[in-house]
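Geometric and topological summary
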Amino acid sequence: MNKRTLVIVVGVVIVGIIIAIIVQRRHGQSPAVLTTTAAPTADPQTQQANRIAQTFQTALKIDQDLDGLSDEEEKKYGTSPASSDTDQDGLLDKDEVTIFKTDPLKTDTYGIGHLDGWSVQRGIILPDGKINQAQLNKFKK
Ligand SMILES: [Ca+2]
Ligand SMILES: [Ca+2]
């Protein structure tokens, strides 16, 4: 199971739990409770719906682009929370910062002359930002 699938599954589970809580509360409340707790500006169901909408908005903002970096982490790295590959070099933002130690804002971190994604695919850039010099020499022009 890849990370995107896992994020989607977790999201579906969270939505299911929220729906179960809503259904349980609606069936558990008596009409007297509904009338005595009503706020002057909005009825309890509207307030509940607003709270649920806020919860969904918060949940959706955790990792908008599903690249594995939370929106807060994206702020820290200066990457776009709306783009999984901010610099469009073929590597996901998270893979750049956690695996290959490449700059998620530079398309050619080590000045190889190719996109970082191209270099990773050919085994030139290795995990932890190591360079395979033999591979690099193979592809030199
Ligand atoms: Ca993200
Ligand atoms: Ca990238």
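Residues numbered from 1 in each chain as written. Chains lettered and ligands numbered in written order. Predicted model: local features only at pLDDT ≥ 70, side-chain atom pairs only at ≥ 80, totals over all residues.

1. What about helix α5 (residues 93-100)?
Counting buried positions along α5 yields six of eight residues, so the element is predominantly enclosed. Regarding α5, the residues found buried are D93, K94, D95, E96, V97 and F100. The inward-facing, buried residues of α5 abut α4 (71-77) and α6 (116-121). Within two residues after α5, K101 carries a phi angle of roughly 55°, on the positive side. (Buried ≥ 20, exposed ≤ 12 C-beta atoms within 10 Å, placed from the backbone. Helix = DSSP H or I, 4+ residues; strand = E, 2+ residues; numbered from the N terminus. Contact = placed C-beta atoms within 7 Å.)

2. Side note on unusual backbone geometry
Although it is not a glycine, K101 sits at a positive phi angle of roughly 55°. Phi is positive for D128, which is not a glycine, with a value near 70°. With respect to the helices and strands, D128 occurs in the loop between α6 and α7 (133-139). Among the residues examined, D128 registers 8 C-beta atoms within 10 Å and is labelled exposed.

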